[in-house]
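In case you want the letters, here they are:
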Amino acid sequence: MTSNHRRNLSRFAMLSIVTAVAVFGLKLLAWWVTGSVGLLSDALESIVNVIAAVGAFVALRVAAKPPDQRHNFGHTKAEYFSAVFEGVLIVVAAVIIVVTAVDRLINPRELEEVGLGLGISVGATVLNAVVAWILISAGRKHRSLTLEADGKHLMTDVWTTVGVVVGVFLVAWTGWLPLDPLIAIAVAVNIMVVGTQLVWRSGAGLMDSALPAEQRNAINDVLDRHRADGIVFHDIRTREAGHQRFVQLHMLVPGDWSVQHAHDLTEVVEDDLHAAVPDLNITTHLEPVNDPRAYEDWRLE
């Protein structure tokens, strides 16, 4: 996938920015007309959406840059920093919501213009849901953790708003004012879980975790086909950085083969691996099968 194509993914982040600003304005209006702390908590999370969308835009632009003298393997890990940033912001928003909700729990307040406020909030939710679906689909198609994380964040915002709307409706119906801040606290807990999961997943990428089992199995299937011809593979290691995937391996061939013969087979194996796993960067170390030193692995605990 070319860097220009990756750079074009930033248009999805721009869509997220525009949507986040619009949704924040609508939710703030819903809070203003009702005075509901539940709706306020929902609006506060939307501030995080705006900041996160801007961060996603910047990260996608940086990740699309080609390798250079300072970053020989490219800039794709920038997407992980964006997702960590977004996760931290989500947790911060959750803390703000809890503080606001506790104050309202201590000092209850009657809700006003509930019908109008809920209508505005529902409109914002529909907009969020549509854009969230677009971002998640694009993130999975192009293997962009940034877009997928941003989309999942918006989808979490959708369910959060649904919960808040139901809660505010119940407050208006039952007249039990503490229900409003209690729902806001429940929303905050849910947001905090999502933020923590984003940070954890991004941290795994920054720590060079191995490829998912599906990709590792695809690599092993290719190597098994060539093992049937007497070729030996070992010390196979994988990792990923954004949309790019990496594998390094040792390939052992008969020592009396010519360099050209061994190189030709290496090209075949690497072509098969590329066909099995898209965006795969391969490093192959060629060794003679009859040399005991060729079987030494790096130490893996």
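Residues numbered from 1 in each chain as written. Predicted model: local features only at pLDDT ≥ 70, side-chain atom pairs only at ≥ 80, totals over all residues. Heavy atoms only, no water.

The name given to the protein chain in an unreviewed UniProt entry is Cation diffusion facilitator family transporter, and the organism recorded there is Gordonia amicalis. Turning to the protein chain, the UniProt annotation filed under Sequence similarities (unreviewed entry) states: "Belongs to the cation diffusion facilitator (CDF) transporter (TC 2.A.4) family." Under the Subcellular location (unreviewed entry) heading, UniProt states for the protein chain: "Membrane". (UniProt positions renumbered as here; feature names shortened; annotations may be inferred.)

Before going further, it helps to spend a moment on the overall build of the protein chain. When helices and strands are tallied, the protein chain shows 9 helices and 3 strands. For the protein chain, the succession of helices and strands along the chain, N to C, is α-α-α-α-α-α-α-α-β-β-α-β. In summary, the protein chain has a C-alpha radius of gyration of 25 Å against a globular reference of 19 Å for 301 residues, an excess of more than 25%. Sorting the 301 residues of the protein chain into buried and exposed places 46% on the buried side. Sequence-distant contacts, at least 24 apart, represent 74% of the contacts inside the protein chain between residues at least 6 apart. Accessible surface, the protein chain: about 15,100 Å² in total, of which carbon and sulfur atoms supply 64%. Across the protein chain, the 23 positively charged side chains and the 32 negatively charged ones have centroids separated by 4 Å. (Helix = DSSP H or I, 4+ residues; strand = E, 2+ residues; numbered from the N terminus. Rg over C-alpha atoms; globule rule 2.2 N^0.38 Å. Buried < 20%, exposed > 50% of the residue type's maximum accessible area, 1.4 Å probe, protein only. Contact = heavy atoms within 4.5 Å. Areas by Shrake-Rupley, 256 points an atom, 1.4 Å probe, with all protein chains shown as cover. Lys, Arg positive; Asp, Glu negative; His and termini not counted. Charge placed at Lys NZ, Arg CZ, Asp CG, Glu CD.)

Before going further, it helps to examine the sheet that holds strand β3 (residues 280–288). The strand order across the open sheet built from 3 strands is β1-β2-β3, with neighbouring strands paired in mixed fashion. Looking at which strands have only one partner, the edges of the open sheet turn out to be β1 (232–241) and β3. The mean inter-strand angle of the sheet, taken between neighbouring strand axes irrespective of direction, is 10°. Looking at chain direction, β1 and strand β2 (residues 244–253) are connected through 8 bridges and run antiparallel. Bridge pairing in β2 links His 234 to His 250. (Pairing = 2+ DSSP bridges. Axes fitted to C-alpha atoms, helices over the stretch in contact; angles between N-to-C directions.)

This paragraph deals with a nonpolar patch on the surface. Together, Trp 159, Val 162, Val 166, Phe 169, Leu 170 and Trp 173 make up an exposed nonpolar region whose accessible area comes to about 680 Å². Under the relative-accessibility criterion, Val 166 is labelled partly exposed at 45%. (Patch = residues over 30% accessible without salt bridge, like charges linked within 9 Å, V, L, I, M, F, W, Y side chains within 5 Å. Salt bridge = Lys/Arg side-chain N within 4 Å of Asp/Glu carboxyl O.)

Attention now goes to unusual backbone geometry. Even without being a glycine, Asp 235 presents a positive backbone phi close to 50°. Relative to the helices and strands, Asp 235 resides in strand β1.

As a further point, take the packing of helix α6 (residues 145–174) against helix α7 (residues 179–206). Two numbers describe how α6 lies on α7: the axes approach to 9 Å, and their chain directions differ by 170°. Looking at the two axes, α6 sits roughly antiparallel to α7. Seen from α6, the contacting residues are Leu 145, Glu 148, Ala 149, Lys 152, Thr 156, Thr 160, Gly 163, Val 164, Gly 167, Val 168, Leu 170 and Val 171; seen from α7, they are Leu 179, Asp 180, Ile 183, Val 187, Asn 190, Ile 191, Val 194, Leu 198, Arg 201 and Ser 202. In terms of residue class, the contact of α6 with α7 is made up of 12 nonpolar, 6 polar and 4 charged. (Parallel < 35°, antiparallel > 145°, perpendicular 65-115°, else oblique. Nonpolar A, V, L, I, M, F, W, Y, C, P; charged D, E, K, R; others polar.)

The next point concerns the pattern of salt bridges. Summed over the entire model, instances satisfying the criterion amount to 2 salt bridges. Asp 224 is the partner of Arg 227 in a salt bridge, and the nearest nitrogen-oxygen pair spans 2.5 Å. Taken together, the residues Arg 227 and Asp 224, both in helix α8 (residues 213–227) and 3 residues apart, mark about one turn of the helix. Relative accessible area serves as the criterion here: at 29%, Arg 227 is assigned to the partly exposed category. A salt bridge links Asp 235 to Arg 237, with the shortest nitrogen-to-oxygen separation between them at 2.9 Å. The two residues Asp 235 and Arg 237 agree in class, both being buried.

Before going further, it helps to examine the UniProt feature "domain: Cation efflux protein cytoplasmic" (unreviewed entry) in the protein chain. UniProt tags residues 211–288 as "domain: Cation efflux protein cytoplasmic" (unreviewed entry). Between the first and last C-alpha atoms of residues 211–288 the distance is 28 Å; the span itself is 42% helix and 37% strand.

On to the side chain of Glu 270, then. Assignment of secondary structure puts Glu 270 in helix α9 (residues 259–276). Nearest to the buried, unbridged Glu 270 among oppositely charged side chains is Arg 225, at 14 Å. Setting aside chain neighbours within four positions, we find Glu 270 in contact with Ile 282 and Thr 284.

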